[in-house]
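Structural description and commentary
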Amino acid sequence: MFLSQSPILSFKAKKNDLPQKLEYTEVEQQCNEVLKKLDSLERNIRVQKQNLRDYYSSQDRYDYRELLKERRRVAGQLRRIAKNAGVDEYELEFCVRMKREYNYYAPKIVRAKSKPELNQVLDLINSSSLYVKTKELLAQLIGKKKF
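Residues numbered from 1 in each chain as written. Predicted model: local features only at pLDDT ≥ 70, side-chain atom pairs only at ≥ 80, totals over all residues. Heavy atoms only, no water.

The next point concerns helix α4 (residues 115-127). Because the α-helix completes a turn every 3.6 residues, residues three or four places apart line up on one side. The end-to-end C-alpha separation of α4 is 18 Å, in line with the 18 Å expected for 13 residues at 1.5 Å each. Looking only at α4, the buried set comprises Leu-118, Val-121 and Ile-125. All buried residues of α4 fall inside an arc of 60° around its axis, so they share one side. Away from the buried face of α4 by more than 90 degrees, exposed residues Pro-116, Gln-120, Asp-123, Asn-126 and Ser-127 are located. (Helix = DSSP H or I, 4+ residues; strand = E, 2+ residues; numbered from the N terminus. Expected span 1.5 Å × (residues − 1). Buried < 20%, exposed > 50% of the residue type's maximum accessible area, 1.4 Å probe, protein only. Arc of directions from axis to C-beta.)

Quick look at the structure:
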């Protein structure tokens, strides 16, 4: 299934009229909550692994294993959400992360009151590693901005 045909990536707006924020569907909202947990776990796992390298203790090893179990459990939740929605789990994750990026930068573009402010936001966007689809949507939003 192509992204443009995806029911997950749909939002109520005409192609030329991009909203300030993309709304999450119910499935995407559930996925977003699970992705927040998963991202937090990933950060904790990296820290715990570094602790094991720096100073090994049996408690650190136990904590690391517990974090890995928790990550597997949360990843399973994400798979079940995608399966129940009838979509690919990676496409669902991509759509949620893309909307999250768009929702972070779009209000900054809308609030920009002058060309220099808009250029600062554009520099911030260019310095960030964003999905291509997000950059395209943000470029369309910038193109619609009038001063």
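Don't stop here, the text continues.
With that settled, consider the packing of helix α3 (residues 89-111) against helix α5 (residues 132-144). Put simply, α3 and α5 touch, their axes get as near as 9 Å, and they point 25° apart. Compared by their axis directions, α3 and α5 come out roughly parallel. For the crossing formed where α3 meets α5, the hand is right-handed. In contact with Phe-94, Met-98, Glu-101, Tyr-102, Tyr-105, Ala-106, Ile-109 and Val-110 of α3, α5 contributes Lys-133, Thr-134, Leu-137, Leu-138, Leu-141 and Ile-142. For the contact of α3 with α5, a count of residues per class yields 11 nonpolar, one polar and two charged. (Axes fitted to C-alpha atoms, helices over the stretch in contact; angles between N-to-C directions. Parallel < 35°, antiparallel > 145°, perpendicular 65-115°, else oblique. Left-handed = near helix turned anticlockwise from the far one by under 90°. Contact = heavy atoms within 4.5 Å. Nonpolar A, V, L, I, M, F, W, Y, C, P; charged D, E, K, R; others polar.)

Let's shift gears to the environment of Glu-26. Of note, Glu-26 is situated in helix α1 (residues 26-54). Since its relative accessible area comes to 65%, Glu-26 is described here as exposed. It is 10.0 Å that separates the C-alpha atoms of Glu-26 and Ala-85, two residues lying 59 residues apart in sequence.

Before going further, it helps to examine the nonpolar core. Among the nonpolar cores identified, the biggest contains 17 residues, and Cys-31, Leu-35 and Leu-92 are the most heavily contacted of them. In terms of nonpolar packing, the next biggest core, distinct from the first, is built from 16 residues, Ile-109, Ala-112, Leu-118 and Val-121 among them. (Core = buried A, V, L, I, M, F, W, Y, C linked by side-chain atoms within 4.5 Å.)

Moving on: the environment of Leu-92. Mapped onto the elements of the fold, Leu-92 is located in helix α3. Taking the C-alpha atoms as reference points, Leu-92 and Ala-82, 10 residues apart in sequence, are found 6.8 Å from one another.

Attention now goes to the side chain of Ser-128. With respect to the element layout, Ser-128 can be found in the loop between α4 and α5. Contacts of Ser-128, omitting those with residues within four sequence positions, involve Tyr-105 and Lys-135.

Considering all chains together, one arrives at two aromatic pairs under this definition. The interplanar angle of 75° and the centroid separation of 4.8 Å between the aromatic rings of Phe-94 and Tyr-131 together place this pair among those described as edge-to-face. Placement of Phe-94 in helix α3 and of Tyr-131 in the loop between α4 and α5 is noted, with a sequence separation of 37 residues between them. Judged by relative accessible area, Tyr-131 falls into the partly exposed class, the value being 30%. On the numbers, 4.8 Å between centres and 90° between planes, the contact of Tyr-104 with Tyr-105 is edge-to-face. Lying across the ring of Tyr-104, Lys-108 places its NZ or CZ 4.4 Å from the centre. (Phe/Tyr/Trp six-rings, centres within 6.5 Å; stacked < 30°, edge-to-face > 60°. Lys NZ or Arg CZ within 6 Å of the ring centre and 35° of its normal.)

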